[in-house]
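Each chain, letter by letter, is given below.
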Amino acid sequence: MKEHVIIVGGGFGGLTLARRLAHSGLKITLIDKSNHHLFQPLLYQVASAALSPGDVAEPIRSVLGRYRNVDVLLAEVTKVDKEHKKVYLKNGRELSFDKLILAPGTVYNYFGNEEWKQYAYSLKSIADAIQIRERIFLSLEKAEQINEPALREPWLTFVIVGGGPTGVEMAGAIAEIAKRNMMRDYKRISKNETRIFLVEAESRILSQYPEHLSEKAREILEDMGVSVLAGTPVKNIVKDRVDFGKSSIHTPNIIWAAGVKGVSLADSLEVEQDSSGRVYTEPDLSLPGHPDIFVIGDAALVRDEEGNALPALAPVAIQQAEFLVKYLTGKKEKGSRFTYLDKGNMATIGRAKAVADIRGLTFSGFFAWLLWSFIHILFLIGFRNRFRVFMEWIWHYFTFKRGVRLITGKNYLKEDTLVHAEK
Ligand SMILES: Cc1cc2nc3c(=O)[nH]c(=O)nc-3n(C[C@H](O)[C@H](O)[C@H](O)COP(=O)(O)OP(=O)(O)OC[C@H]3O[C@@H](n4cnc5c(N)ncnc54)[C@H](O)[C@@H]3O)c2cc1C
């Protein structure tokens, strides 16, 4: 009998593992609640209409379908029975495993303020990205039909909460839309009216980067017309308003990019977790006391040799998957320690600027953006996606045009009150 390995999650960790274990002689079942692998680092480009959803997502079945030893299931795992080695699916099925690898990623963390979720949109899935895209373009459409500047202001105001790489990238992309290339299509709005705020509780944005790169990122954003509010914790979010204690900003355009937490499946494991729900693992990535169950990627809290927690980044998940492949195929002894090779961090800001910290070598500007573009194309799944994204970027670079400015949801017809009130 072949050993049965169940992988939960077809993200960076799970998909890498399944691909590398194809032809391994093991029986692999990959379970994901969504039918596609999502390249989250480029999701903000879908939210800002630079790319189409299909450019950053690939059906898991089309990646793994050709491997005879790999089964793909579209299902949600709700519970793991560690003692009897079974996983339970939401659809009522249960499956037994010899080895289980959990790579379910994370969800956005509203730090106990779950009611904020309905007013501050997060960016984690294709549906989220489309919702944000519609929000941005709908707001511009509304502003175009309002004459009174004070009434128009909220629709031309955008608040991004969280000054990490996602927040910085999103703020830069919105600045491009609302301050630059889109405004010629909205003849009644001046780009000077649009306001973009990047809000960060800590004293600087990109706090994981060296200080001078944070400062550079702030300068680039402010040149693009983004107001960076560092050291400004959000106190409350209600419909169309963000409160900071002494001040507030009125807008329906609130984007949440302020940290992640473990998924509910991680909670159901009933093992030790950190304050944001990531699961503590042994140095070999197994669950303490359960040598045949492993947790990798964003869901796992793994420490390096100095005791620092590894960041929730795609390369960490990929390297952890590669490490497990060696163990599962007998090329590495059980119990050996996972070590992460940090190849660097990059964040892009707008059309042709980025900041990069590559193993202590720091740089910013156009060259950093070129490197960022090259690496992201290289890591996209599938030649078609790489080709399409490359062509879209060339088109966008030379024409400044965004191709996917579609508002397809019909909710705006219901909430068209501001325009109506003015008539
Ligand atoms: C907007 C954004 C931008 C980012 N930018 C960068 C960047 O520039 N560089 C970088 O390195 N990292 C970036 N990241 C982080 C990076 O995407 C993650 O570190 C990486 O995706 C983690 O991989 P993973 O395999 O742990 O989880 P994911 O890639 O999140 O995959 C988890 C998978 O598990 C599935 N799943 C979850 N729960 C269940 C369940 N109960 N049952 C079945 N399936 C389940 C999900 O559907 C998903 O497909 C970004 C993340 C976001 C959200």
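Every value quoted in this text rests on a predicted model; they were computed, and no experiment measured them.

### Description of the sheet that holds strand β25 (residues 354–358)
Point 1. Taken together, three strands build an open sheet; the order of strands is β24-β25-β26 and the sheet is antiparallel. A strand with exactly one partner marks an edge of an open sheet, and here the two such strands are β24 (345–348) and β26 (361–365). With direction set aside, neighbouring strand axes in the sheet form an average angle of 5 degrees.
Point 2. The pairing of β25 with β26 spans five bridges and is classified as antiparallel. Each residue of the ladder has a partner; that of I358, found in β26, is L361.

### Quick look at the site of the ligand
Point 1. What surrounds the ligand is a group of 29 residues, the closest being G13, D32, Q40, V77 and D298.
Point 2. Within the contact set of the ligand, an oxygen atom lies 2.8 Å away from a backbone nitrogen or oxygen of G13.
Point 3. Here an oxygen atom of the ligand and a backbone polar atom of A314 are 3.0 Å apart.
Point 4. Put simply, the parts of the chain that give the shell around the ligand at least two residues each are α1 (12–21), β2 (27–32) and α10 (314–328).
Point 5. If one sorts the elements of the shell around the ligand by residue count, α10 sits on top with three residues.
Point 6. The class makeup of the residues in the shell around the ligand is 16 nonpolar, eight polar and five charged.
Point 7. Two domains each donate at least three residues to the shell around the ligand, and these are domain 1 (4–33 + 75–108 + 260–328) and domain 2 (114–258 + 345–422).

### A closer look at the nonpolar core
Note that soluble globular proteins tend to have their nonpolar side chains buried in a common cluster.
Point 1. Counting residues in each nonpolar core, the largest one holds 67 residues, and the members touching the most others are L42, V56, M170 and L221.
Point 2. Considering each element in turn, this core owes the most residues, eight residues, to helix α7 (residues 165–181).
Point 3. Counting contributing residues per domain, this core is built from domain 1 (4–33 + 75–108 + 260–328) and domain 2 (114–258 + 345–422), each supplying no fewer than three.
Point 4. Each residue touching V56, except ones within four places of it in the same chain, is listed here: H37, L38, F39, L42, L43, V46, L51, I126 and L380.
Point 5. Within the second largest apolar cluster, 57 residues are counted, among which are L17, V70, L287 and F294.

### Concerning the packing of α1 against α10
Point 1. Contact pair α1 / α10: the axes reach a minimum separation of 8 Å and the direction vectors enclose 35 degrees. Note that α1 runs across α10; the crossing there is right-handed. Between α1 and α10, the residues in contact are F12, G13, T16, L17, R20 and L21 and A314, A317, I318, A321, E322, L324, V325 and L328, respectively.
Point 2. Counted by class, the contact of α1 with α10 contains 10 nonpolar, two polar and two charged residues.

### What about the packing of aromatic side chains?
Point 1. According to the stated counting rule, one finds nine aromatic pairs in the structure shown.
Point 2. Ring centres 4.8 Å apart and planes at 10 degrees place the aromatic pair Y110 and W256 in the stacked group. Placement of the pair is Y110 in the loop between β10 (106–108) and β11 (120–122) and W256 in strand β18 (residues 254–256), with a sequence separation of 146 residues. With respect to burial, Y110 and W256 carry one shared label: buried.
Point 3. Three or more aromatic residues joined by ring pairs form one cluster here, namely Y110, W116 and W256.

### Regarding the pattern of salt bridges
Point 1. Inspection of every chain in the model, using the stated rule, returns 18 salt bridges.
Point 2. We note a salt bridge from E3 to K99, for which the minimum N-O separation is 2.9 Å. With a gap of 96 residues between them, E3 in the segment before β1 (4–8) and K99 in strand β9 (residues 99–102) connect regions that are remote in the sequence.
Point 3. Residue E3 is classed as partly exposed on the basis of its relative accessible area of 32%.
Point 4. Classification of K99 by relative accessible area gives buried; the value is 9%.

### Looking at α1
Point 1. Among the 10 residues of α1, eight are classified as buried, and the element is accordingly described as predominantly covered.
Point 2. Where α1 is concerned, the buried positions are F12, G13, G14, L15, T16, L17, A18 and L21.
Point 3. Positive backbone phi, approximately 70 degrees, marks H23, located one or two places after α1.

### Side note on the domain arrangement of the chain
Point 1. In terms of domains, the chain is made up of domain 1 (4–33 + 75–108 + 260–328) and domain 2 (114–258 + 345–422).
Point 2. Taken over C-alpha atoms, the centre of domain 1 sits 32 Å from the centre of domain 2.
Point 3. Contacts between domain 1 and domain 2 engage eight residues on the former and 11 residues on the latter.
Point 4. On the surface where domain 1 and domain 2 come into contact, there are two residue pairs in polar contact (both at pLDDT 80 or more).
Point 5. Put simply, the parts of the chain that give the side of domain 1 that touches domain 2 at least two residues each are α1 and β10.
Point 6. For the side of domain 1 that touches domain 2, a count of residues per class yields four nonpolar, one polar and three charged.

### As for the side chain of Q45
Point 1. Secondary-structure assignment places Q45 in helix α2 (residues 43–47).
Point 2. Judged by relative accessible area, Q45 falls into the buried class, the value being 8%.
Point 3. Excluding anything up to four places from it in sequence, Q45 contacts A50, L51, W372 and W393.

### Re the side chain of D55
Point 1. Mapped onto the secondary structure, D55 falls in helix α3 (residues 53–56).
Point 2. For D55, a relative accessible area of 0% gives the class buried.
Point 3. A polar contact of 2.7 Å, which involves the side chain of D55, links it to the side chain of R388.
Point 4. Once residues within four sequence positions are removed from consideration, D55 is found in contact with L380, N385, R388, V389 and E392.

Rules used throughout
- Residues numbered from 1 in each chain as written.
- Predicted model: local features only at pLDDT ≥ 70, side-chain atom pairs only at ≥ 80, totals over all residues.
- Heavy atoms only, no water.
- Pairing = 2+ DSSP bridges.
- Helix = DSSP H or I, 4+ residues; strand = E, 2+ residues; numbered from the N terminus.
- Axes fitted to C-alpha atoms, helices over the stretch in contact; angles between N-to-C directions.
- Near = heavy atom within 4 Å.
- Polar contact = N/O pair within 3.5 Å; in protein donor to acceptor, adjacent residues only side chain to side chain.
- Nonpolar A, V, L, I, M, F, W, Y, C, P; charged D, E, K, R; others polar.
- Domains from an automatic or database assignment.
- Core = buried A, V, L, I, M, F, W, Y, C linked by side-chain atoms within 4.5 Å.
- Buried < 20%, exposed > 50% of the residue type's maximum accessible area, 1.4 Å probe, protein only.
- Contact = heavy atoms within 4.5 Å.
- Left-handed = near helix turned anticlockwise from the far one by under 90°.
- Phe/Tyr/Trp six-rings, centres within 6.5 Å; stacked < 30°, edge-to-face > 60°.
- Salt bridge = Lys/Arg side-chain N within 4 Å of Asp/Glu carboxyl O.

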